[in-house]
Amino acid sequence: MSNILAQNKKAAFNYFLEEKFEAGMVLVGSEVKSVKAGHVSMVDSFITIKDEQAVIKKLYIKAYENASLAEGKQNETRERVLLLKKQQIRKLKEKSEQKGYTIVPTKIYITRGLVKVEIALAKGKHTYDKKETQKERDLERQAKREGN
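Structural notes, computed from the coordinates. (Residues numbered from 1 in each chain as written. Predicted model: local features only at pLDDT ≥ 70, side-chain atom pairs only at ≥ 80, totals over all residues. Heavy atoms only, no water.)

**Focus on the overall build of the protein chain**
Counting secondary structure elements, the protein chain contains four helices and nine strands. Walking the protein chain from its N terminus toward its C terminus, one meets helices and strands in the order β-α-β-α-β-β-β-β-β-α-β-β-α. For the protein chain, the spread of C-alpha atoms along the three principal axes comes to 55 × 40 × 25 Å. Here the protein chain holds 148 residues, and 33% of them are scored as buried. The long-range fraction of contacts in the protein chain, counting pairs at least 24 apart against all pairs at least 6 apart in sequence, stands at 69%. In the form shown here, the protein chain has an accessible surface area of approximately 9,600 Å², with 48% of it arising from carbon and sulfur atoms. Averaged over its 31 positive side-chain charges, the protein chain has a centre that lies 1 Å from the centre of its 20 negative ones. (Helix = DSSP H or I, 4+ residues; strand = E, 2+ residues; numbered from the N terminus. Buried < 20%, exposed > 50% of the residue type's maximum accessible area, 1.4 Å probe, protein only. Contact = heavy atoms within 4.5 Å. Areas by Shrake-Rupley, 256 points an atom, 1.4 Å probe, with all protein chains shown as cover. Lys, Arg positive; Asp, Glu negative; His and termini not counted. Charge placed at Lys NZ, Arg CZ, Asp CG, Glu CD.)

**Here we look at the nonpolar core**
If you look at the biggest cluster of nonpolar residues, it comprises 26 residues, and the most contacted ones within it are Met25, Leu59, Leu82, Leu84, Ile108 and Ile119. Sorting the residues of this core by element identifies strand 1 (3-7), strand 2 (15-25), strand 5 (53-57), helix 3 (86-96), strand 8 (101-111) and strand 9 (114-124) as the ones contributing at least two each. Aside from chain neighbours lying at most four places away, what touches isoleucine 108 is Asn3, Ile4, Leu5, Ala6, Met25, Val35, Val40, Met42, Leu59, Val115, Lys116 and Val117. (Core = buried A, V, L, I, M, F, W, Y, C linked by side-chain atoms within 4.5 Å.)

Function-wise, these values are silent; they only describe arrangement.
Written as structure tokens, this is what we have:
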């Protein structure tokens, strides 16, 4: 993964990330330019399976200022289709229908000029799990300070 444009840091805190997948994203030309400029936010975004397609919802991509009038103004949080293989979509659908599982985007990055999304099959954490994660981070941070 050469060039990470956005990360969903809350995903690792709120969920146990069990299995990760790489997916392409169907974008309009002006959206690609905006994403490559780093004008993207993954806050509150999630993925659903609709009509045998994976769809990312609430992904914010800022409208590109220099977009032509022919493209028109795009809705910044519209649904965008993800490109995955049928077996992967079937597996994600089966798992996400189980209690406690969801599909979350974790990263958006560029590989060989293509915009890719890393998505993860995730299981929700309880409050005590989140406290444990925070405690581990604090201990690591303290060990780094003492080491320097």
